Amino acid sequence: MSQMISVSEALKTLLSKETKVVVLTGAGISAESGVPTFRGEDGLWKKFRPEELATFDAFMANPELVWEWYEYRRKIIEEIKPNPAHLALVEFQNHFEEFDLITQNVDGLHNQAGSKNVVELHGNIKRNKCIRCGAQYETLEKTIKGIPPKCHCGGNIRPDVVWFGEMLPQDALNYAFKVSSDCDLFFSVGTSAVVHPAASLPLIAKRSGAYVVEVNMERTEISHVIDESLIGKAGKIMPQLVKFFM
Ligand code: BJW
Ligand code: ZN
């Protein structure tokens, strides 16, 4: 049997159903499903920094390269499934009376696992939109061809995700700020916590009086300001937390 993690008494007490809980997730929660993270040793994009591909300027300069990068990632995502960390968060939602799940991930794995009302801060890789007229494409019809494909208006079609320098979806961001500043317990799971404004959410929660816990393979940018770091794989730790539910 795998070893139980050591959890503080303070956290155990907070795992009761009356506690208002917010969870922020990042690429690390999907790593055990086979989705590469952005940064660090195992980051897939070692050849390119995210700042070099995930920008509008990069898309304009080299639309083929950026489109192919997203196609490659879509193929990975089509073939994988949620892991025990995603599934544990469905149990979180069932257990806590007030619960919000905010994700920076674009892979849709929380929805696939069965989580409801997931707040997607950085969009979703399965959706596309035209850079000229804004038309949304849930799936690309077979008639729409090209790398990148062209909209009926002639504009290039891009993935409906948030690139560096772009605004996050306003409603989602406002909602994330609101619930983060009004929760009792905040989890930051599998994120390096370097990309803003998402990275400010655990700090806002902390400043507003919440108990803030991170779950990560290593310490992060925010470790020194939060209450508890649970070091290890999210797929091991999140299901163990469920066992402490009261
Ligand atoms: C495990 C694990 C396992 C592994 N278990 N753990 C304030 C200060 C400084 C800069 C800024 C600021 N405000 C805004 C900025 C600029 C910029 C920014 O933050 N830059 C910083 C990098 C310095 N932010 C923006 O531009 C944002 N827009 C914005 O602010 O608009 C307002 C504005 C507009 C114009 C001018 C000025 C302001 C937009 C940010 C968009 C980010 N987009 C991306 C790409 C999305 C599409 C796509 O997927 O391609 O989002 S970049 C990439 O990083 C992606 C991720 O969501 C995001 C965060 O990464 P994440 O999830 O943390 O992944 P990793 O890889 O970094 O970390 C994984 C972690 O998991 C690691 O810690 C591992 O240890 C861990 N791990 N396995 C548990 N099994
Ligand atoms: Zn168009």
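Residues numbered from 1 in each chain as written. Chains lettered and ligands numbered in written order. Predicted model: local features only at pLDDT ≥ 70, side-chain atom pairs only at ≥ 80, totals over all residues. Heavy atoms only, no water.

Engineer: Hey, could you run me through the side chain of Thr-19 in this one?
Structural biologist: With respect to the secondary-structure elements, Thr-19 resides in the loop between helix H1 (9-14) and strand E1 (20-25). A distance of 2.7 Å separates a polar atom in the side chain of Thr-19 from the backbone oxygen of Leu-14. Contact partners of Thr-19, with chain neighbours within four places excluded, come to Leu-14, Phe-96, Glu-98, Asp-184 and Leu-185. (Helix = DSSP H or I, 4+ residues; strand = E, 2+ residues; numbered from the N terminus. Polar contact = N/O pair within 3.5 Å; in protein donor to acceptor, adjacent residues only side chain to side chain. Contact = heavy atoms within 4.5 Å.)

Engineer: Looking at this structure, I do not really get the sheet that holds strand E6 (residues 157-161). What am I missing?
Structural biologist: Each strand in a sheet pairs with its neighbour through backbone hydrogen bonds, running either in the same direction (parallel) or in the opposite one (antiparallel). Read from one edge of the open sheet, three strands run E5-E4-E6, paired in antiparallel fashion. Among the strands making up the open sheet, the edge pair consists of strand E5 (136-137) and E6. In this sheet, E5 lies alongside strand E4 (residues 123-130) in antiparallel orientation, the contact comprising two bridges. Counterpart to Asn-128 in the pairing with E5 is Tyr-137. Along the sheet face, helix H5 (residues 63-78) touches E4 and E6 and points at about 140 degrees away from the line of E4. (Pairing = 2+ DSSP bridges. Axes fitted to C-alpha atoms, helices over the stretch in contact; angles between N-to-C directions.)

Engineer: What is the right way to read the site of ligand 1 from this model?
Structural biologist: Taken together, the neighbourhood of ligand 1 is formed by 36 residues, with Arg-39, Tyr-70, Thr-191, Ser-192 and Asn-216 sitting nearest. Note that a nitrogen atom of ligand 1 is positioned 2.9 Å from one of the backbone N or O atoms of Val-162. Contact distances for ligand 1 include 2.7 Å between an oxygen atom and a backbone N or O atom of His-196. Protein burial of ligand 1: of its 1,500 Å² of free accessible surface, 76% is covered by the chains. Considering only residue class, the shell around ligand 1 consists of 17 nonpolar, 12 polar and seven charged. (Near = heavy atom within 4 Å. Areas by Shrake-Rupley, 256 points an atom, 1.4 Å probe, with all protein chains shown as cover. Nonpolar A, V, L, I, M, F, W, Y, C, P; charged D, E, K, R; others polar.)

Engineer: Explanation requested: the coordination of the zinc ion (ligand 2) in the structure shown.
Structural biologist: Tetrahedral coordination by four donors puts the ideal angle at the metal at 109.5 degrees, and octahedral coordination by six puts it at 90 or 180 degrees. The protein atoms that coordinate the zinc ion (ligand 2) are Cys-130 (SG), Cys-133 (SG), Cys-151 (SG) and Cys-153 (SG), at distances spanning 2.3 Å. Seen from the zinc ion (ligand 2), its four donor atoms lie at angles of 100 to 117 degrees, and the figure they make is tetrahedral. If you list the donors of the zinc ion (ligand 2) from N- to C-terminus, the spacing comes out as C-x2-C-x17-C-x1-C. You can see Cys-133 sitting in the loop between E4 and E5 and its partner Cys-151 sitting in the loop between E5 and E6, a full 18 residues away along the chain. (Donors = N, O, S within 2.8 Å, 3.2 Å for Na, K, Ca; no water. Tetrahedral: all angles 85-135°; square planar, octahedral: opposite > 155°, others 65-115°.)

Engineer: So what exactly am I meant to see when it comes to the packing of aromatic side chains here?
Structural biologist: A full pass over the atoms with the stated rule returns eight aromatic pairs. Both rings, one in Trp-69 and one in Tyr-70, keep their centres 4.9 Å apart while their planes meet at 75 degrees; by these two values the pair is edge-to-face. The same class applies to Trp-69 and to Tyr-70, which are both buried. Geometrically, the ring pair formed by Phe-92 and Phe-187 is edge-to-face, given 5.6 Å between the ring centres and 80 degrees between the ring planes. Linking Phe-92 in helix H6 (residues 84-95) with Phe-187 in strand E7 (residues 185-189), this pair joins segments that are 95 residues apart in sequence. Lying across the ring of Trp-69, Arg-73 places its NZ or CZ 4.6 Å from the centre. Geometry around Trp-67 places Arg-74 over its ring, the cationic atom sitting 5.0 Å from the centre. (Phe/Tyr/Trp six-rings, centres within 6.5 Å; stacked < 30°, edge-to-face > 60°. Buried < 20%, exposed > 50% of the residue type's maximum accessible area, 1.4 Å probe, protein only. Lys NZ or Arg CZ within 6 Å of the ring centre and 35° of its normal.)

Engineer: Whenever I open this one, the sheet that holds strand E3 (residues 119-120) confuses me. Can you help?
Structural biologist: With parallel pairing, six strands are arranged side by side in an open sheet as E3-E2-E1-E7-E8-E9. For this open sheet the edge positions go to E3 and strand E9 (228-231), each flanked by a neighbour on one side alone. Bridging between E7 and strand E8 (residues 211-216) involves five bridges; their strand directions are parallel. Note on E8: the bridge partner recorded for Phe-186 is Val-212.

Engineer: Help me understand the environment of Asp-107 in this model?
Structural biologist: Tracing the backbone shows Asp-107 in the loop between strand E2 (98-103) and helix H7 (109-113). Spatially, the C-alpha atom of Asp-107 lies 20 Å from that of Glu-91, the residues being 16 residues apart in sequence. When neighbours within four sequence positions are excluded, Asp-107 is seen to be in contact with Ser-30, Val-35, Ile-77 and Lys-126. Looking at Asp-107, its side chain comes within polar contact range of the side chain of Ser-30, at 2.6 Å. Within polar-contact distance, the side chain of Asp-107 engages the backbone nitrogen of Leu-109 at 3.0 Å.

Engineer: Would you mind going over the side chain of Ser-30 with me for this structure?
Structural biologist: Within the fold, Ser-30 resides in helix H2 (residues 28-31). A relative accessible area of 0% means that Ser-30 is categorised as buried. Not counting residues up to four positions away in its chain, the partners in contact with Ser-30 are Val-35, Asn-83, His-86, Asn-105, Asp-107 and Leu-109.

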